[in-house]
Amino acid sequence: MAQISADNHGLRLYTRYAVLVLIAVIFIFPLVFMVVSSLKPDQQLLADTASLRAFLPVGDISLNNYTAAFQRAPVGLFIMNSVIVTGVTVVLSLLACSAAAFAFVFVNWKGRELVLSLILATLIVPFETIAIPLLLISSQLPWIGLDGLTSGWLNTYRVQIIPFIADGLTIFLFVQYFKDLPGELIEAARVEGASWGQIYRRIVMPLAGPVLATAAILKFLVMYNQYLWPLMVVQDEAYRPVMVGLQYFFQLNIAWGEVMAYLSLITVPVLAFYLYLQKAFIASIASTGVKG
Amino acid sequence: MASKFLKSNRTGWLMAGPAAALIGCFVILPFVFAIILSFTNQRLVSPNAAEFTGLANYRQLLGMATLTLDPVKDEAGVVKLAADGTPEYPAVRSFTRNNPDHPDLAGMREWFSFDHGDSRTFILARDVVFMQALLNTFIFVLVVAPLQGGLALGLALLINQRLRGINLFRAIYFMPVVVSIVVVSLLWRFIYDGQSGLLNNLLGAISFGAMPKVDWLGNPNTALGAIILMSVWQAVGFHMVIWLSGLQTISPTLYEAGAIEGASKWQTFRYITWPGLRNTAVLVLIVITMQAFALFAQIDVMTGGGPLDSTQTIVFQAVERGYGKQDISGGSTISVILFVIVLSISMIQRWLTRERT
């Protein structure tokens, strides 16, 4: 009797794993196909789609598609632009949003409730609904730079960075996290005569590791994957990020090998980063679901 | 918080000021602009100053009318038949162009028509493409919200078991979420290809060649469905993780109590798991709906709105006008319509899923 039920249990365990593996295949195979195909010449790539060879690095394997992709478009420049825009925005966003949340949670000031509720109200405004008027505003904003006063932000780094530094979600995440820190600690430090800057730098920020990781990862994903906005505001190749750079590969006769090489080039580093920090990535998405 | 040590107007404004100013300038101001511009004829670059035009933009986008016509009859009163044997109707064009009897129909085009009794009713729209975009977006949302929400919940329940290596599976299911939707769209264009696409080859192999090759994105009947499937594939892991964090807030003692009472699997889900997920369900539904209404990148990369406008969407139209045709006011009007739709739907969802006491 016990024997049978143990077998039964083993069988159920196998079916469970079979289901899990089958679903995993659905999620992973398109990505495997992308990377494997980037190594094959076009003719073989197309022929291989008829069999499981599509997912195996077999046959005439080389990095030729990567070389060709670099010749077709300034790929290095696009990657550099994306790294600059993403990196600068993430850092400035962490600074501005954590400081704001600090003020909302720990400091008692006139206007606090009103400003916070206005900021949280922006959570229901999808970016897509403000993109068009923002385009008009950006085309006319002034800027004081090395060449004096200029007007218009189109075709710059700043138009890709500054509008995305502060956002309701990041501030909300910091506010939620700071609320759980012991408020007495802050008050005690004030009584001891610590300045607000000291409290922010020495007490609160050293405790904010998890929320900093969460906010940084979410911002990174949003910024690196930007498409609609740079499509509209950056026509100059010199400032174009990777996702818009893809347009160089939409030809009438698409060279699929080169496309796959470019896709792999801009995706694999992110996937590697994700697999390395997998727990933090998943925790960051999960924390957006914790409603306050 | 009443302590005088914590009071400082200067510090508060100093620290919250930068973020508040940025949000004011780049979110709230454009939002207000969208509303104002939608009542003008503002263009991106124009020598003339913008003029106030009232509701003209809204009328242009949303104007609709019906026109019921009787079949054409000859002198004997017999219905004339067209070449394909169906009754012939007067040309709609004769009503919408230069017809002094119907000034309100001027400039409209036929969207679709249906027969009833002996006559046919034509639904006319001033902007047929935008109507199609509205319809497609609603179809997309109505299919994606339950499909993606449901599949994500299924995956979360599957991942929420104690099994060796379960974290690996969770990591794999989540993988497409970190891949840009632009990359995914281009990759799936190849998967959906009519000639050497992987999907056709897979279906051919499963059906031993019985399944004919389909150009998934080139056929108006399948293009939107193909985009729906791909979008769900890309984003389902995101909502799986949100469901999962909801599942983990349910106290294990409830499950123990259920087990002691001898509850079946379905009863456990129905009376313990699901009630514990109420807030998560509202959130998942609202987030998916908001994301689905913003459908743009997939369309831009995969179909450009075609074939035959079968994949036109609201945001694609807003960008095509506001940016492509530099018609800022037209694009802003579409943005305002989109916002009103999103806001009303999330309010309806909140109301429908409210706690009933």
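In this text, all values refer to a predicted model and were calculated from it rather than measured experimentally.

Peer 1: I would appreciate a short explanation of the overall build of chain A in the present structure.
Peer 2: Tallying secondary structure elements over chain A gives 15 helices and two strands in all. At 25 Å, chain A has a C-alpha radius of gyration far larger than the 19 Å of a compact globule built from 292 residues. Expressed as a percentage of the 292 residues in chain A, the buried residues total 42%. Long-range contacts, defined here as pairs at least 24 residues apart, represent 73% of the contacts in chain A between residues at least 6 apart.

Peer 1: Mind showing me how you'd approach the overall build of chain B here?
Peer 2: Across its full length, chain B holds 14 helices and three strands. Overall size of chain B, expressed as C-alpha extent along the three principal axes, is 85 × 70 × 50 Å. In chain B, buried positions account for 39% of the 357 residues.

Peer 1: Where do I start with the pairing of strand S2 (residues 148–151) of chain A in this structure?
Peer 2: Residues in a regular strand project their side chains so that they alternate between the two faces of the sheet. Residue and element names in this part refer to chain A. Note that strand S1 (residues 142–145) and S2 share four bridges and pair antiparallel. Within S2, the residue paired with Trp-143 across the bridge is Thr-150. If you look at the hairpin formed by S1 and S2, you'll find two residues sitting between the two strands.

Peer 1: So what exactly am I meant to see when it comes to the nonpolar core here?
Peer 2: The tendency in soluble globular proteins is for nonpolar side chains to be buried as a group. Cys97(A), Ala100(A), Ala101(A), Phe102(A), Phe174(A), Ala19(B) and Met240(B) are the most contacted members of the largest nonpolar core, which totals 172 residues. With 14 residues, the single largest contributor to this core is helix H4 (residues 75–106) of chain A. Counting residues domain by domain, this core receives three or more from each of domain 1 (64–125) and domain 2 (129–352) of chain B. In contact with Ala101(A), other than residues within four places in its own chain, are Ile171(A), Phe174(A), Val175(A) and Phe178(A).

Peer 1: Sorry, what's going on with the interface of chain B and chain A here?
Peer 2: Taken together, the 78 residues of chain B in the interface contact 76 residues of chain A. Contributions of two or more residues to the side of chain B that touches chain A are made by helix H1 (9–37), helix H5 (166–178), helix H6 (181–191), helix H7 (198–206), helix H8 (223–247), helix H11 (278–293), helix H13 (314–324) and helix H14 (328–352) of chain B. Element by element, the count of residues in the side of chain B that touches chain A is highest for H1(B), at 20 residues.

Peer 1: How should the confidence of the model for chain B be read in this particular structure?
Peer 2: Interpretation of this model should avoid reading the predicted coordinates in detail wherever pLDDT is low. Residues and elements named next belong to chain B. Per-residue confidence for chain B gives a mean pLDDT of 87; residues scoring 70 or more make up 99%. The element-level mean pLDDT for chain B is lowest in helix H3 (residues 93–96), coming to 80, with helix H4 (residues 128–159) highest at 93. Complex prediction metrics read pTM 0.87 and ipTM 0.88.

Peer 1: In this structure, what is going on with the packing of H4(B) against H8(B)? I would like to understand it.
Peer 2: Each pair of packed helices can be described by the angle between their axes along with the distance between the axes. Residues and elements named next belong to chain B. Look at H4 against H8: their axes get within 6 Å of each other, and the N-to-C directions meet at 45°. It follows from the interaxial angle that H4 and H8 lie oblique. In the packing of H4 onto H8, the handedness of the crossing is right-handed.

Peer 1: Could you clarify how one ought to interpret the domain arrangement of chain B in this entry?
Peer 2: Quite often, the size of an interface is put as the accessible area lost when its parts meet. In terms of domain boundaries, chain B breaks down into domain 1 (64–125) and domain 2 (129–352). Its C-alpha centre places domain 1 of chain B at a distance of 40 Å from the equivalent point of domain 2 of chain B.

Peer 1: What should I look at first to understand the sheet that holds strand S3 (residues 119–125) of chain B in this one?
Peer 2: The pairing of strands in a sheet comes from backbone hydrogen bonds and takes either a parallel or an antiparallel form. All names here are of chain B. Strands sit in the order S1-S3-S2 across an open sheet of three strands; the sheet is antiparallel. With one partner strand each, in any of the chains shown, strand S1 (64–69) and strand S2 (109–116) form the two edges of the open sheet. Pairwise comparison of adjacent strand axes, ignoring direction, gives a mean angle of 20° for this sheet. Summarising the sheet, S1 and S3 pair through six bridges and their orientation is antiparallel. Bridge pairing in S3 places Thr-66 opposite Ile-123.

Peer 1: I'm lost on the environment of Leu224(B) in this one. Help?
Peer 2: Residues and elements named next belong to chain B. Mapped onto the elements of the fold, Leu-224 is located in helix H8. Note on Leu-224: 22 C-beta atoms within 10 Å, which makes it buried. Leaving out residues up to four positions away in the same chain, Leu-224 has contacts with Asn-136, Ile-139, Phe-140, Ser-310 and Thr-311.

Peer 1: Looking at this model, I keep getting lost on the packing of H4(A) against helix H11 (residues 209–224) of chain A. Mind explaining?
Peer 2: All names here are of chain A. In contact at an axis separation of 9 Å, H4 and H11 are set at 145° when each is read in the N-to-C sense. For the crossing formed where H4 meets H11, the hand is right-handed. Residue-level contacts link Ser-82, Val-85, Thr-86, Thr-89, Val-90, Ser-93, Leu-94 and Cys-97 of H4 to Leu-212, Ala-215, Ala-216, Lys-219, Phe-220, Met-223 and Tyr-224 of H11. Of the residues contributing to the contact of H4 with H11, the split by class is ten nonpolar, four polar and one charged.

Peer 1: So what exactly am I meant to see when it comes to the confidence of the model for chain A here?
Peer 2: Across chain A, the average pLDDT comes to 88, with 95% of residues at or above 70. Contacts of residues 1–5 of chain A to residues separated by more than four positions or lying in other chains number zero contacts, the stretch itself having pLDDT below 50.

Peer 1: Can you help me understand unusual backbone geometry in this one?
Peer 2: When glycine is set aside, most residues are seen to have a negative phi, and most peptide bonds are trans. All names here are of chain B. Here Leu-308, not a glycine, exhibits a phi torsion of approximately 55°, which is positive. With respect to the helices, strands and loops of the structure, Leu-308 is situated in the loop between helix H12 (297–302) and H13. The exposure class assigned to Leu-308 is exposed, which follows from the 12 C-beta atoms found within 10 Å. Despite not being glycine, Gln-326 shows a phi value in the positive range, around 60°. Counting through the fold element by element, Gln-326 comes out in the loop between H13 and H14.

Peer 1: Would you take a moment to explain H13(B) for this structure?
Peer 2: Counting buried residues along H13(B), nine of its eleven residues qualify, which places the element largely inside the surrounding structure. For H13(B), the complete set of buried residues consists of Ile314(B), Val315(B), Phe316(B), Gln317(B), Ala318(B), Val319(B), Glu320(B), Arg321(B) and Gly322(B). Its buried side turned inward, H13(B) meets helix H6 (127–140) and helix H12 (228–233) of chain A together with H4, H11, H12 and H14 of chain B. Remark: Gln326(B) follows H13(B) within two positions and exhibits a positive phi of approximately 60°.

Peer 1: Explanation requested: the environment of Leu198(B) in the structure shown.
Peer 2: Along the polypeptide, Leu198(B) turns up in helix H7. Taking the C-alpha atoms as reference points, Leu198(B) and Trp188(B), separated by ten residues in sequence, lie 9.1 Å from one another. Residues contacting Leu198(B), with those up to four places away along its chain left out, are Phe33(A), Thr49(A), Ala54(A) and Ile191(B).

So, how was this worked out
- Residues numbered from 1 in each chain as written.
- Chains lettered and ligands numbered in written order.
- Predicted model: local features only at pLDDT ≥ 70, side-chain atom pairs only at ≥ 80, totals over all residues.
- Helix = DSSP H or I, 4+ residues; strand = E, 2+ residues; numbered from the N terminus.
- Rg over C-alpha atoms; globule rule 2.2 N^0.38 Å.
- Buried ≥ 20, exposed ≤ 12 C-beta atoms within 10 Å, placed from the backbone.
- Contact = placed C-beta atoms within 7 Å.
- Pairing = 2+ DSSP bridges.
- Core = buried A, V, L, I, M, F, W, Y, C linked by C-beta atoms within 7 Å.
- Domains from an automatic or database assignment.
- pLDDT = per-residue confidence, 0-100.
- Axes fitted to C-alpha atoms, helices over the stretch in contact; angles between N-to-C directions.
- Parallel < 35°, antiparallel > 145°, perpendicular 65-115°, else oblique.
- Left-handed = near helix turned anticlockwise from the far one by under 90°.
- Nonpolar A, V, L, I, M, F, W, Y, C, P; charged D, E, K, R; others polar.

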